[in-house]
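Listed below are the residues making up each chain.
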Amino acid sequence: MALKKYKAINWNEVSDMIDKATWEKLTEQFWLDTRIPVSNDMDDWRKLDDDHRWVVSHVFGGLTLLDTVQSEAGLTALKEDVKTPHETAVLNNIQFMESVHAKSYSTIFSTLNSAEEIHEIFHWSDSEEFLQNKAVRIANLYLDDSVNPLKKKIANVFLETFLFYSGFYTPLYYLGHNQLNNVAEIIKLILRDESVHGTYIGYKFQVGMHDLTEKQQQDMKDWMYDFLYELYDNEEKYTHTLYDTVGWTDDVLTFIRYNANKALMNLGQEPLFPDTSSDVNPVVMNGISTTTSNHDFFSQVGNGYRLGAVEAMHDNDYHVKDPNEK
Ligand code: MN3
Ligand code: MN3
């Protein structure tokens, strides 16, 4: 049926203040990869052995694929099910930033890796079994019109707040050892975005759940936990593939269970795993500032929903270096 008229977005009449607050937060923290002088990390990079270089490169290959999924199928799918025009505007911002994230790994590769190595990394990310499993599983949910939109939000939050963290572990580990600091700067900026994305989309999920019957809510929860188990099972295998050679696998698994709990919290649910922040390698935990959280930001906006207490970088931690700065 053809439209008879089209409605202009009015930012002077905002029905959900979380939309406005999130728009302001995200636009205030806008950044671009090209501002970070990654070449300053070349000395650190040359000191790494082949096994550790392999881990860094392939971790970023994996993250490139997941951010590609988010920037394409992911946010396109979420925009099919909005409650307000302002939500569409926020999702447009998120979609563009996912493209910035995906591109920023290429900025890292072009500095640290040879053309031949870059070719191999992309071949790997386009074919690695467990990486492809999660990307394809989630992309197929996004692309299927018959899938409940709330399930697409669950998939999105699981990607944002859980599945990225097997990759984020590596740059945070090096940051804790004062190595690859400019690479880590990019990752900190990505993490700061992801924590807002996960909280916002988790909130929109909770709003949607509110409209369901008790039975429908229980079915949705059952599906969510089953899906988390399925993804965790695959993530264990992916983590072994990436980290067994350097011996970090157990530490990374603790970190991803901790983040799986945070994903559930973003969705308004109880944690599943016993792991807490005190179980995570403190060197890696230091990479994520625990002094501030988005909870403070979102709770100022105040409405009845339980918003995940997700750690975020403090604005003062964020210093975009001038390219000429030494
Ligand atoms: Mn991203
Ligand atoms: Mn994101």
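Going by the structure above, here's the rest.
Because the structure is a prediction, the values reported are computed rather than measured.

Considering a negative patch on the surface
Residues Asp49, Asp50, Asp51, Glu116, Glu117 and Glu120 make up a contiguous surface patch of negative charge. At the level of elements, helix 3 (50–78) and helix 5 (115–125) are the ones that each hand at least two residues to the negative patch. The element that contributes the greatest number of residues to the negative patch is helix 5, accounting for 3 residues. Residue placement: Glu117 occurs in helix 5.

Description of helix 3
Under the 1.5 Å per step criterion, the end-to-end length of helix 3 is 40 Å for 29 residues, consistent within 8% with the ideal 42 Å. At Gln70, helix 3 is deflected by roughly 40°, the largest bend along its length. Of all 29 residues in helix 3, 21 are buried; the element is thus mostly enclosed. The distance from a side-chain oxygen at the start of helix 3 to the backbone nitrogen of Asp51 is 3.2 Å, and the residue carrying that oxygen is Asp49.

What about a nonpolar patch on the surface?
Side chains of Phe30, Leu32 and Phe96 sit close together on the surface and give an oily, nonpolar patch of about 280 Å² of accessible area. In this fold, Phe96 is placed in helix 4 (residues 85–112).

Observations concerning the coordination of the manganese ion (ligand 1)
All of the protein donors around the manganese ion (ligand 1) are Asp67 (OD), Glu98 (OE), His101 (ND1) and Glu194 (OE); their distances to the metal are 1.9 to 2.2 Å. Here the donor residues of the manganese ion (ligand 1) are spaced in sequence according to D-x30-E-x2-H-x92-E. Between the manganese ion (ligand 1) and the manganese ion (ligand 2) the interatomic distance amounts to 3.4 Å, and Glu98 serves as a bridging ligand to the pair. In this pair, Asp67 is assigned in helix 3 and Glu194 in helix 9 (residues 181–210), connecting sequence segments 127 residues apart.

Focus on the pattern of salt bridges
Within this structure, the stated rule accounts for 13 salt bridges. One salt bridge connects Asp211 with Lys83, and the closest N-O pair in it is separated by 4.0 Å. Linking Asp211 in the loop between helix 9 and helix 10 (214–243) with Lys83 in the loop between helix 3 and helix 4, this pair joins segments that are 128 residues apart in sequence. For the pair shown, Asp211 and Lys83 are each scored as exposed. Residues joined in a network through salt bridges with shared partners are Asp16, Asp19, Glu87 and Lys204.

Rules used throughout
- Residues numbered from 1 in each chain as written.
- Chains lettered and ligands numbered in written order.
- Predicted model: local features only at pLDDT ≥ 70, side-chain atom pairs only at ≥ 80, totals over all residues.
- Heavy atoms only, no water.
- Patch = residues over 30% accessible without salt bridge, like charges linked within 9 Å, V, L, I, M, F, W, Y side chains within 5 Å.
- Areas by Shrake-Rupley, 256 points an atom, 1.4 Å probe, with all protein chains shown as cover.
- Salt bridge = Lys/Arg side-chain N within 4 Å of Asp/Glu carboxyl O.
- Lys, Arg positive; Asp, Glu negative; His and termini not counted.
- Charge placed at Lys NZ, Arg CZ, Asp CG, Glu CD.
- Helix = DSSP H or I, 4+ residues; strand = E, 2+ residues; numbered from the N terminus.
- Expected span 1.5 Å × (residues − 1).
- Bend = angle between axes of the 7 residues up to and from the residue.
- Buried < 20%, exposed > 50% of the residue type's maximum accessible area, 1.4 Å probe, protein only.
- Polar contact = N/O pair within 3.5 Å; in protein donor to acceptor, adjacent residues only side chain to side chain.
- Donors = N, O, S within 2.8 Å, 3.2 Å for Na, K, Ca; no water.

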